[in-house]
There are 2 protein chains.
Amino acid sequence: MYFCFMYSFTEENYLKAIYKLQEQSNLAINTNAIASVIQTKAASVTDMVKKLSEKKLLKYEKYKGVELTQLGKKIAIDTVRKHRLWETFLHKKLNFAWDEVHDIAEQLEHIHSHELIDKLDEFLGFPSHDPHGDPIPGRNGVIQQNNFILLSELMIGEAGIISGVVNHSAIFLKHLEKNDLVLGKKLLVQEISAFDQLVKVLIDDKLQQQLSSEVVRNILVKKLTE
Amino acid sequence: MYFCFMYSFTEENYLKAIYKLQEQSNLAINTNAIASVIQTKAASVTDMVKKLSEKKLLKYEKYKGVELTQLGKKIAIDTVRKHRLWETFLHKKLNFAWDEVHDIAEQLEHIHSHELIDKLDEFLGFPSHDPHGDPIPGRNGVIQQNNFILLSELMIGEAGIISGVVNHSAIFLKHLEKNDLVLGKKLLVQEISAFDQLVKVLIDDKLQQQLSSEVVRNILVKKLTE
DNA sequence: ACATATTTTTAGACAAGTCTAAAAATATTT
DNA sequence: AAATATTTTTAGACTTGTCTAAAAATATGT
Ligand SMILES: [Mn+2]
Ligand SMILES: [Mn+2]
Ligand SMILES: [Mn+2]
Ligand SMILES: [Mn+2]
């Protein structure tokens, strides 16, 4: 096994972070934002960004921010693909809870081997989504975008299937699991309190539960039309 | 997930290399030997060995060589355990050929997570041997030693089950596979040429084949007594 | 438009790990 | 036992990635 060209863990992490920031806002990506994602200092980001620019992975103009090149974006998406496939493996095959997979996948995503990731993909049956409902990019780099909406956007009387989360923190995921709010559950919105915004939902046509606005703003559902 | 204490890839590789050298000869381990295994220079080994000594992972005396401490040995064995479990996963679950697993496992063995390796072990059904017949250390660090012998040690009329290899090179493994000399096959020694040492064997009571002395000296068998 | 606050970059240092070339220690010959 | 050869260590430099503190650029308020 040899590597066409290999990027370091650090480089991949920077590219992934910039890619995610680029996705979630069309504004220029500034060094402080990157620093906060990577958990490092802005000065370090400036250094690194210069090197990535040298390597044609992104375009960098002093004081203006950065933008990934096609190549940089490809590496980033590839890293996301690996991350989500590994998360799926950990959850589906090794029975890790959905709040336990992320940190281990952060390490596994940097293993370099195309054959490995292709075979893993096949072994998992070419899954389309990871344990958190996030789409898994294909080996061509195409990401099929979800059309999920926030649970908080559902009107009274409308229903949806839990399909993803906005907040990925372990504490939130654990909380959802404890309350049986896992992927695939059907939720029917029955009542929204005018006073404290608590949302009363019916889970899978059986159990009734009250959800805080914090919770409903962080659950993504596939709206059921009918 | 947090790590009790984490050793770097490099440190783990040094410990593993020293451990393997320690196993295969009772002599003191000198820096050149380590350098040749790690694929580096003796000067670099000296530097590293000093640091590992600081960290109580090995005992080092200038010009005398090194010896692992209990802690160092534990880390090394743990790394071997991870390596062999991952090799088993790659071979059994992802259908990699036995000559393709080593290089990827060299990367995977450095993923830090006890839960991960325990769950992987369970997922694989607590295998006792890796795809090359090498024993997989238990989570307690105990390695159940093989009592395999070289195929070259079998006398005419004796039989054995292929159970391991001495040479782990991809070219040798590929050659064995091509000739159907894989783990589990039964070999009966029928003839040893006095002239060129070629060994005529009967594979699984069916196929006759001539093996070079290079081959018979690199196959390990479990002798069948009867 | 000018002063102030914020963000970003530079300068210089540090840690891990590696290298080459030279010096020191050990081993082998004669 | 001295001379030579080999092995091992040191010295000093380099790379990657990080940091702090100071300087420079940009943004904001009046
Ligand atoms: Mn994740
Ligand atoms: Mn995920
Ligand atoms: Mn191996
Ligand atoms: Mn092996």
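Each remark here, short or long, concerns the structure printed above.
Residues numbered from 1 in each chain as written. Chains lettered and ligands numbered in written order. Predicted model: local features only at pLDDT ≥ 70, side-chain atom pairs only at ≥ 80, totals over all residues. Heavy atoms only, no water.

Regarding the coordination of the manganese ion (ligand 3)
Reference geometry at the metal: tetrahedral coordination by four donors gives ideal angles of 109.5 degrees; octahedral coordination by six donors gives 90 or 180 degrees. All names here are of chain B. Condition: The donor set covers N, O and S atoms within 2.8 Å of the metal, switching to 3.2 Å for Na, K and Ca, and it leaves out water, so a site may look short of donors. Here a strand is any run of E in DSSP of at least two residues, a helix any run of H or I of at least four, and the numbering for each starts at the N terminus. Residue exposure (1.4 Å probe, protein chains only): buried if accessible area is under 20% of the type maximum, exposed if over 50%, otherwise partly exposed.
The manganese ion (ligand 3) binds to the protein through His83 (NE2), Glu87 (OE) and His102 (ND1), with metal-donor distances spanning 2.0 to 2.2 Å. Here the manganese ion (ligand 3) and the manganese ion (ligand 4) are spaced 3.5 Å apart, with Glu87 acting as a shared donor. Separated by 4 residues within a single helix, His83 and Glu87 lie in helix α4 (residues 70-92), roughly one turn from each other. For the pair formed by His83 and Glu87, the shared burial category is buried.

Re the pattern of salt bridges
Our working rule: The term salt bridge refers to a pairing of a side-chain nitrogen on Lys or Arg with a carboxyl oxygen on Asp or Glu at a separation within 4 Å.
Within this structure, the stated rule accounts for 28 salt bridges over all chains. Salt-bridge contacts for Lys55 of chain A lead to Glu11 of chain A; the nearest nitrogen and oxygen are separated by 2.5 Å. Of this pair, Lys55 of chain A sits in the loop between α3 (42-54) and β1 (58-61) while Glu11 of chain A sits in helix α1 (residues 9-24), and the two are 44 residues apart along the sequence. In this structure Lys55 of chain A comes out as partly exposed when scored by relative accessible area, which is 38%. The residue Asp204 of chain B makes a salt bridge to Lys185 of chain B at a minimum N-O spacing of 3.6 Å. Separated by 19 residues along the polypeptide, Asp204 of chain B in the loop between β6 (199-203) and β7 (207-211) and Lys185 of chain B in the loop between α7 (170-178) and β5 (186-192) bring together distant segments of the chain. One network of salt bridges, in which partners are shared, links Arg81, Asp118, Asp121 and Arg139 of chain A.

Focus on the protein's contact with DNA strand C
For clarity, the cut-off: Distances are taken per atom, and a residue is near a molecule or strand as soon as one of its heavy atoms is within 4 Å of it. Counted as a polar contact is a pair of N or O atoms within 3.5 Å, where, for protein atoms, one must be capable of donating a hydrogen and the other of accepting one, and residues adjacent in sequence contribute only when both atoms are in side chains.
Around DNA strand C sit 21 residues, and of these Asn30, Tyr60 and Lys62 of chain A together with Ser8 and Thr40 of chain B come closest. When atoms of DNA strand C within 4 Å of the protein are split into backbone and base, the sugar-phosphate part holds 81%. A distance of 2.8 Å is found between a phosphate oxygen of DNA strand C and a side-chain nitrogen or oxygen belonging to Asn32 of chain A. Separating a phosphate oxygen of DNA strand C from a side-chain N or O atom of Ser8 of chain B is a distance of 2.6 Å.

Structural notes on the pairing of strand β6 (residues 199-203) of chain A
Residues and elements named next belong to chain A. For the record, the criterion: What makes two strands pair is DSSP finding at least two bridges between them.
A large share of β6 lies buried, amounting to 4 of its 5 residues. Two elements, strand β5 (residues 186-192) and β6, share 5 bridges in a ladder whose sense is antiparallel. Paired with Leu188 across the two strands is Leu202, which belongs to β6. Hairpin connection, β5 to β6: the antiparallel pair is bridged by 6 residues, and Gln197 has positive phi, about 65°. Across 5 bridges, β6 lies against strand β7 (residues 207-211) in antiparallel orientation. Counted as the bridge partner of Val201 is Gln209 from β7.

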